[in-house]
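Structural overview for review
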Amino acid sequence: MKVMVTRLLAVENVDEPTEIVIHVNMLKEGWDVTNLYTIVPLRAANARTLIEQSIGRGLRLPLAKRTGVAEVDRLNIVAHDKFQEIIDEANRGDSPIHLQQVLLDAPGSDDQKVSVQVVSGVMARLGLAGVADDALVVAGDVGAIPTVFAPVFSTAAERQAARMVLDVIGSYETRRDLVPVAGALRDAGIQARIRAEVAERLKPLQGSLLAGVVEGESAPDLSAVVAKTTEMLIQQSIDIPRIAVVPTGEVTTGFHPFQLAALPNFQPGQREIVGQELRGNTQFTLSGGSGLRERRLADYLVKKLVDYDDIDYFTQADLLYDLAEQCITYYEAQNYAKSELHEILNTYGGELARLIHAEMMAHFWEAATGYEVQVSRGFTALRPCNYTVAAGQGVHHFRETVSEPGRIKQMLFGGFARCLYPLQKFDSDTERRFAVILERDALKWFKPAKGQFQMYYKLGAEQPEYIPDFVAETDTTIFMAETKARSELNTPEVRAKAAAAARWCKHASDHAAQVGGKPWKYLLIPHDEVAESKRLMDFSRFEVADVQDRHILIA
C-alpha cells in the first residue's frame with residue numbers, strides 16, 4: 001500500500017511510468033492531478049453532484065493555462081447517457097460550469113439519506129431492542145418509534161438469558177425431527193432441552209448475571225425466561241420453511257432456435273461523434289478509425305456474443321451464426337454495399353449483440369433428469385430489514401395519507417399492532433393501503449427481508465432472488481401476496497416471479513399438510529383492486545393457480 005501511495009503522489013513526474021490508474025471508491029477526494037487527459041467512470045452517474053464533480057476534474061487544464069489548441073483546452077464528454085441533460089444544465093444562467101465563483105447552500109435534509117436496520121418485533125417485545133436501542137435502528141435519526149407494548153423482560157439478567165434462549169432456539173431450526181414447526185417449541189421435553197442448553201451456556205457468565213441483579217431484585221427464573229421467550233417467538237413469527245428444489249442427474253442448458261424481431265435501422269456513415277461547446281454552443285465532430293475488418297460479416301456479431309458469460313460457443317455456434325446471418329440478411333435487404341455492411345456491423349456490432357442476447361434469454365431452456373424437493377428447516381427466524389430513508393424524518397403512522405406518493409420510498413412507517421416488525425417501508429401507496437387491510441383482517445403479517453425465503457426465479461439464464469411484497473397469516477391460510485400495476489401483470493419478469501412463488505407455495509402446503517400446519521396461497525393483486533374498504537378474503541380470487549407461456553391463470 002505504501003508503494004502504491006508513493007507512485008500515486010508521483011504520477012505526474014516525467015520519470016513515473018504509470019499512465020492508467022484504476023480505483024474503486026479509493027480516490028474520491030484528496031488526490032489532485034492536473035495532467036489528466038481521460039476519465040472513464042464505470043459507475044452510474046445519476047446524481048447531479050457526481051456528474052458535476054466528474055466534469056470539474058476534466059475541466060482542469062493540464063498545463064494550468066489555455067494553450068490555444070482546442071483539442072487540449074476543450075473537455076469532451078463522450079457517449080454519456082445524460083448528454084442532453086448536461087448541455088441543458090450548462091446552458092442555465094446559474095450553472096456552476098459557467099460561474100467562476102459559486103456560493104453553495106448547506107444540503108437540505110431531503111438530499112441526505114441514512115441507512116437504518118430494523119429487527120423483528122420479537123426482539124423489541126422481549127426488551128432486547130427497545131426504542132432507544134441501537135439494535136432496533138442503526139445509523140440514522142428517524143425520530144421517535146411508536147410502541148404499543150411493554151417489554152416482557154426489564155432486567156439486564158433476564159435480557160441476557162433471553163438472548164441466549166433465542167440463540168439456542170436458532171439451532172433447532174434444522175432439527176425438523178424434533179421441531180417441525182415453531183409451535184413444537186412448547187413441548188415440555190423441548191422446553192427442558194432448551195433450558196438445559198441455556199444453563200450450560202450461561203455457566204461462564206454467572207458472575208456477570210449476578211452483577212446485573214440490583215438490590216431488591218431476585219435472580220432470573222430460567223424456566224420462566226425460556227417459557228416466555230419461546231411463547232413470544234411463536235406468537236411473533238410465521239412458520240416459513242426453508243425449501244429447495246434441486247435437480248437430480250445430468251443438467252443441460254441451451255437456447256431454442258428463433259427468428260429475430262425487428263432490428264434498428266442502423267445506417268453506414270462516417271465514424272464520428274458530434275460534440276457541442278458548452279460555452280458557445282458551437283458544434284464539432286471527432287472522427288475515429290475504421291477498426292479491425294473481419295473476413296466474415298457474421299464474425300462481427302459472433303465475437304461480441306461469445307463475450308457474454310452465459311453463451312458457450314462450442315455448444316451454441318450453430319445458433320449464433322444463424323442469428324448473425326438473420327441480422328446480416330436484414331441489412332442486405334436494404335441494398336447496402338459489402339463495404340457498407342462491414343461499416344454497420346463494425347460500428348454497431350456491440351449494440352446489435354446486446355439486442356440479440358436479450359432475445360436469446362427469452363428462449364433459454366434448462367433440463368434435468370429429475371427434481372427433488374428438500375425441506376431443510378420447518379421454521380426460520382425473521383431477518384433484520386435494512387432500509388435507506390431520507391434523514392431527519394419522523395416515523396409516519398401507516399394510516400396517514402401520503403401527500404406526496406412519489407416520496408413514499410424514502411419514508412418509514414410504524415404504529416402497527418399486528419405487524420411482525422415495529423417499522424416497515426413501502427414501495428408504493430398501494431402497498432401502504434394493503435397494509436391497512438392486513439392490520440384489520442390478518443392475525444399477523446410482515447414484509448419479508450432479503451434472504452428470508454431464498455426463493456429464486458428464472459429470467460432467461462439469470463436466477464435472481466424473489467422477495468414477495470407481503471406474508472400474512474389468517475385463521476386458516478398463510479398468504480404470500482404481491483401488489484403489481486395491472487399493466488405489468490403479464491410481463492416476463494412478473495410471470496417468472498409468479499411461477500416461482502406458486503411452486504414454492506405448493507411445496508410449502510405439502511410440507512404443512514405433513515406437520516399439521518396451514519396451507520400457503522400466492523396472490524398477485526392488480527394495484528387498482530386495492531381499496532381499504534375491501535376485506536382480505538376478497539383478494540382470494542387473485543390466487544395464482546398456474547403460469548402458462550403467455551398469461552397468468554387466476555384460480
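For the structure itself, consult the block above.
Below, the structure is looked at part by part. (Residues numbered from 1 in each chain as written. Predicted model: local features only at pLDDT ≥ 70, side-chain atom pairs only at ≥ 80, totals over all residues. Heavy atoms only, no water.)

1. Describing the packing of helix α7 (residues 188-202) against helix α9 (residues 222-235)
Look at α7 against α9: their axes get within 10 Å of each other, and the N-to-C directions meet at 120°. Taken together, the axis directions place α7 and α9 in an arrangement best described as oblique. Two packed elements cross with a definite hand, and for α7 against α9 that hand is right-handed. Residues Q191, I194, R195, V198, A199 and L202 of α7 touch α9, and the partners they reach there are L222, S223, V226, A227 and T230. Tallied by class, residues from the contact of α7 with α9 come to seven nonpolar, three polar and one charged. (Axes fitted to C-alpha atoms, helices over the stretch in contact; angles between N-to-C directions. Helix = DSSP H or I, 4+ residues; strand = E, 2+ residues; numbered from the N terminus. Parallel < 35°, antiparallel > 145°, perpendicular 65-115°, else oblique. Left-handed = near helix turned anticlockwise from the far one by under 90°. Contact = heavy atoms within 4.5 Å. Nonpolar A, V, L, I, M, F, W, Y, C, P; charged D, E, K, R; others polar.)

2. Description of the side chain of Q236
By the secondary structure assignment, Q236 is in the loop between α9 and β2 (242-255). Relative accessible area serves as the criterion here: at 10%, Q236 is assigned to the buried category. A distance of 3.3 Å separates polar atoms of two side chains, one belonging to Q236 and the other to R125. (Buried < 20%, exposed > 50% of the residue type's maximum accessible area, 1.4 Å probe, protein only. Polar contact = N/O pair within 3.5 Å; in protein donor to acceptor, adjacent residues only side chain to side chain.)

3. As for the packing of helix α6 (residues 156-171) against α9
Angle between the axes and distance between the axes are the two parameters that describe a pair of packed helices. Close contact between α6 and α9 brings their axes to 9 Å; oriented N to C, the two are set at 55°. Judged by the inter-axis angle, α6 sits oblique to α9. Considering the relative orientation of α6 and α9, their crossing is right-handed. On the side of α6, the interface is formed by E158, A161, A162, V165, L166 and I169, while α9 contributes L222, V225, V226, T229, T230 and L233. A per-class count over the contact of α6 with α9 returns nine nonpolar, two polar and one charged.

4. A look at the sheet that holds strand β9 (residues 444-446)
Spatial strand order, β9-β12-β13-β14: four strands in an open sheet with mixed pairing. At either end of the open sheet lies a strand with only one pairing partner, and these are β9 and β14 (520-526). For this sheet, the mean angle separating the axes of adjacent strands, direction not counted, is 20°. Seen against the sheet, helix α14 (residues 492-515) touches β13 (478-484) and β14 and runs at an angle of roughly 155° to β14. (Pairing = 2+ DSSP bridges.)

5. Brief notes about the packing of aromatic side chains
A full pass over the atoms with the stated rule returns 16 aromatic pairs. Judged by centre distance (6.0 Å) and plane angle (55°), the ring pair of W445 and F470 falls under tilted. Taken together, the positions of W445 in strand β9 and F470 in strand β12 (residues 470-473) put the pair 25 residues apart, joining distant regions of the chain. As far as the burial class goes, W445 and F470 line up, both buried. Relative to W520, the ring of W504 lies with its centre 4.8 Å away and its plane at 80°, an arrangement referred to as edge-to-face. Here W520 lies in strand β14 and W504 lies in helix α14, a separation of 16 residues in the sequence. Just as W504 is buried, W520 falls in that class too. What links up through ring pairs into an aromatic cluster is the set F398, F416, F434, W445, F470 and F539. When the ring centre of F470 is taken as origin, the NZ or CZ atom of K447, which lies over that ring, is 4.6 Å away. (Phe/Tyr/Trp six-rings, centres within 6.5 Å; stacked < 30°, edge-to-face > 60°. Lys NZ or Arg CZ within 6 Å of the ring centre and 35° of its normal.)

6. Concerning the environment of F470
Owing to a relative accessible area of 1%, F470 belongs among the buried residues under this scheme. In sequence terms F470 and A435 are 35 residues apart; their C-alpha atoms lie 8.6 Å from each other. If we ignore the near neighbours within four places in the chain, the residues touching F470 are F426, E431, F434, A435, L438, W445, F446, K447, P448, F479, M480 and A481.

7. Quick word on the pattern of salt bridges
All told, the structure shown has 21 salt bridges when counted by the stated rule. R433 is paired through a salt bridge with D429; the nearest N and O atoms lie 3.5 Å apart. A residue pair is termed a helical-turn pair when its members lie 3 or 4 positions apart in one helix, as R433 and D429 do in helix α13 (residues 429-441) at four residues. A relative accessible area of 21% places R433 in the partly exposed class. Relative accessible area serves as the criterion here: at 19%, D429 is assigned to the buried category. The salt bridge involving E431 is made with K447; its shortest N-O contact spans 2.9 Å. Note that E431 is positioned in helix α13 and K447 in the loop between β9 and β10 (455-456), a separation of 16 residues in sequence. Both residues of the pair, E431 and K447, belong to the buried class. One connected set of salt bridges, linked through shared partners, spans R486, D528, E529, K534 and R541. (Salt bridge = Lys/Arg side-chain N within 4 Å of Asp/Glu carboxyl O.)

8. Here we look at the nonpolar core
When a protein is soluble and globular, its nonpolar side chains tend to lie buried together. Core analysis: the biggest nonpolar cluster contains 65 residues, and F434, M480, W504, W520 and Y522 have the highest contact counts within it. For this core, the secondary-structure elements that each account for two or more residues are β1 (113-118), β6 (385-390), α13, β9, β12, β13, α14 and β14. The dominant element in this core, judged by the number of residues it contributes, is α14, at nine residues. Those residues in contact with M480 that lie beyond four places of it in its chain are F453, M455, P468, F470, A501, W504, C505, W520, K521, Y522 and L523. (Core = buried A, V, L, I, M, F, W, Y, C linked by side-chain atoms within 4.5 Å.)

9. Examining the side chain of R432
Along the chain, R432 falls in helix α13. In this structure R432 comes out as buried when scored by relative accessible area, which is 3%. Aside from chain neighbours lying at most four places away, what touches R432 is F398, R399, E400, T401, V402, I408, F413, F426 and E532.

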